[in-house]
Amino acid sequence: MVSLTIDSGVAEVVLNAPHKLNSLDPAGLRALSQAYATAGEAAARGEVRALLLRGEGRAFCAGRDIAGVSAENDDADAYLSGLVQPLLQQMSAFPAPTFAAAQGACLGVGLGLLLATDVVYVAENAKIGSPFAKLGATLDSGGHWYFTERLGMHRTLDLIYTAQLISGSEAVAQGLFSRAMPAESLLENTRSIVAGAATGPTSAFQESKELVAQIRDQRLGLWDAMAHENSAQARLSRSADYAEGFTAFQEKRAPHFRG
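Predicted, not measured: the structure shown is a model, and the values here were computed from it.

Draft legend 1. Structural context of helix α5 (residues 153-162). Restricting attention to buried positions, one finds in α5 the residues Thr 156, Leu 159 and Ile 160. Buried residues of α5, viewed axially, fall in a sector of 95°; they line one side. Opposite its buried face, α5 presents the exposed residues His 154 and Tyr 161, each directed more than 90 degrees away. Buried residues along α5 sit against α4 (143-151) and β8 (165-167).

Draft legend 2. Spotlight on the pattern of salt bridges. With the rule as written, the count across this model stands at 13 salt bridges. Notably, a salt bridge pairs Asp 217 with Arg 216, separated by 2.7 Å at the nearest N-O pair. In this structure Asp 217 comes out as partly exposed when scored by relative accessible area, which is 48%. Overall, the relative accessible area of 26% leaves Arg 216 in the partly exposed class. Notably, a salt bridge pairs Glu 251 with Arg 253, separated by 2.7 Å at the nearest N-O pair. By sharing partners, the salt bridges in this structure join Glu 12, Arg 54, Glu 56 and Arg 191 into a single network.

Draft legend 3. Main features of the packing of α4 against α5. Across the interface, α4 lies against α5 with an axial gap of 7 Å and an inter-helix angle of 135°. What the angle tells us is that α4 and α5 run oblique. Residue-level inspection shows His 144, Phe 147, Thr 148 and Leu 151 of α4 in contact with α5, the latter providing Met 153, Arg 155, Thr 156, Leu 159 and Ile 160. The residue makeup of the contact of α4 with α5, split by class, is five nonpolar, three polar and one charged.

Thresholds, definitions, all that
Residues take numbers from 1 onward in each chain, read along the sequence in its written order. Thresholds applied to this predicted model are a pLDDT of at least 70 for local features of residues and 80 or more for the giving and counting of side-chain atom pairs; totals over whole chains, interfaces and linings are not thresholded and use all residues. Note that the side-chain values use all heavy atoms of the structure and ignore hydrogens as well as water. Only protein chains enter the calculation, and the probe is 1.4 Å; a residue is then buried if its accessible area is under 20% of its type maximum, exposed if over 50%, and partly exposed in between. Only DSSP runs of H or I reaching four residues or more are called helices, and only runs of E reaching two or more are called strands; each is numbered from the N terminus. This arc corresponds to the set of directions leading from the helix axis out to the C-beta atoms. Note on definitions: a residue-residue contact is assigned when non-hydrogen atoms from the two residues lie within 4.5 Å. Any carboxyl oxygen of Asp or Glu within 4 Å of a side-chain nitrogen of Lys or Arg constitutes a salt bridge here. Lines are fitted to the C-alpha atoms to define the axes, a helix being fitted only along its stretch in contact, and any angle between axes, read from their N-to-C directions, falls within 0 to 180 degrees. Should an angle fall under 35 degrees it is called roughly parallel, over 145 degrees roughly antiparallel, and 65 to 115 degrees roughly perpendicular, with every other angle called oblique. Ten residue types, Ala, Val, Leu, Ile, Met, Phe, Trp, Tyr, Cys and Pro, are classed as nonpolar, four, Asp, Glu, Lys and Arg, as charged, and the remainder, Gly among them, as polar.

Structure (structure tokens):
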């Protein structure tokens, strides 16, 4: 259901249940959490310097697997608070740059997985949105926060009220994700970008990741953010990668970062 491979500093986590559009039941969420935990341990040892999340088949993830779930006895809070939220927090805090390549349906908890990822590339024809109005439910997995933050209040409520799905191209144009690509070249292009990130100055990347999260969550103003940048740069200036970057620039050669 979920697989993990590690090669050349890149952890690739794959949702591998294409027959059900990679929808996730509790066992699938636990397996995904374990994959991130294993990759995180490898990152702590310096063996993983970037992570790629993707889904096998024609969809990234269609959301929660509700096969066999009884509406009368469903404990939605146990599923969301007990399983989904801890997983998304774990993903967001992953100690290296994270990327996702998403095609087809990106809905519900699947959308939440993308929103908890640092950089998301989507197929131009991907399907993204909140179809919950058709189910008598509402957007979850942090969707309200991210949609309001990135799309604004009116567009958020428009998508929720109408249950309209937007394409990957539209999602990027409206500021929800980073880049849209043709579906046939999405994975190849994303893998190339992730491989490049894995050879980069990962300590510097981690400083930026943490700073961006502080700006977002603590609403840091310009001068507070600048003070945090100054402190981060001071820490990095004592690192081997900082010295290598300076020396490579002065010698007019490509740097070789160790992470």
